[in-house]
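These are the residues of each chain, in order.
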Amino acid sequence: MLKMKIPCFGLISIMACAVFYPAQSVYAKNMLRPNVSLCNTNEKIIFNCKIKNSANILSVCTSQNLSNDSGYLQYRFGRKGAIELEYPAEKEMSPSSFLFARYTRFQVSKLTLSFSNNNVNYTIFDNYDAESRPYVKEKGVTISGQRIENKNIKLLCGQDALSNLEDLEDIVPCDENLSIGGCK
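Owing to the predicted nature of the structure, the values given are computational and were not obtained by experimental measurement. (Residues numbered from 1 in each chain as written. Predicted model: local features only at pLDDT ≥ 70, side-chain atom pairs only at ≥ 80, totals over all residues. Heavy atoms only, no water.)

J.: How would you explain the environment of asparagine 118 if you had to name every residue and give the values?
T.: Its location among the elements puts asparagine 118 in the loop between β6 (108-117) and β7 (120-129). Relative accessible area serves as the criterion here: at 54%, asparagine 118 is assigned to the exposed category. It is 9.8 Å that separates the C-alpha atoms of asparagine 118 and glutamine 146, two residues lying 28 residues apart in sequence. (Helix = DSSP H or I, 4+ residues; strand = E, 2+ residues; numbered from the N terminus. Buried < 20%, exposed > 50% of the residue type's maximum accessible area, 1.4 Å probe, protein only.)

What follows is the structure, encoded as structure tokens:
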């Protein structure tokens, strides 16, 4: 019997593959929810990746019911069973602890989610720039502030990073300093 691998790329195709090609439904499920995440199974994954050349994981998790007036948002960094930073510690009113920014134009998209904790600034980013040569497609976090010796650390995600930062645009306050063209 000839085995054929059916390509399942993009959310629509993944969902179609799960319905029409049950043997690949495990593949589709893994694409929708990464195997290694710091989010709990009852949480929605907004951003998730394994940091390049590290055992650390970066996850941004929300309650399933996140909206303008309910739910929570948390940044988590570390390893399964050994989270180094969970921000904010209190989940109540947590979306207001972050700032969101978006910059898009033809062939360029930059999304950021940022927060400050103990005089250290964290910016989770998802950047795509097809105008650059070679083109830039990177996700990760930058860490800066007075308490950081190098003043600016950039941790890049490895392959298979998941980003749904755009889901936060109407929930998290807009970063007036980074949003080109202002906020809504």
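Let us keep going from here.
J.: Tell me about the packing of aromatic side chains, and please be specific about residues and values.
T.: Pairs of aromatic rings are described using the distance from one ring centre to the other and the angle between the two planes. For the coordinates displayed, the defined rule picks out seven aromatic pairs. Arranged with centres 4.3 Å apart and planes meeting at 10°, the rings of tyrosine 87 and phenylalanine 115 form a pair that is stacked. Highlighted residues: tyrosine 87 in strand β4 (residues 82-87) and phenylalanine 115 in strand β6, separated in sequence by 28 residues. Take tyrosine 87: its relative accessible area is 13%, and that puts it in the buried class. (Phe/Tyr/Trp six-rings, centres within 6.5 Å; stacked < 30°, edge-to-face > 60°.)

J.: Any chance you could break down unusual backbone geometry for me, citing the residues and the numbers?
T.: In this model, tyrosine 87 is joined to proline 88 through a cis peptide bond whose omega is -10°. Among the structural elements, proline 88 can be located in the loop between β4 and β5 (99-105). The step from arginine 133 to proline 134 runs through a cis peptide bond, and the omega angle for that step is -5°. Positive phi is not limited to glycine here, since methionine 93 has a value of about 60°. Examined against the element boundaries, methionine 93 turns out to sit in the loop between β4 and β5. If you check the backbone angles, glutamine 107 has positive phi at about 70° while not being a glycine.

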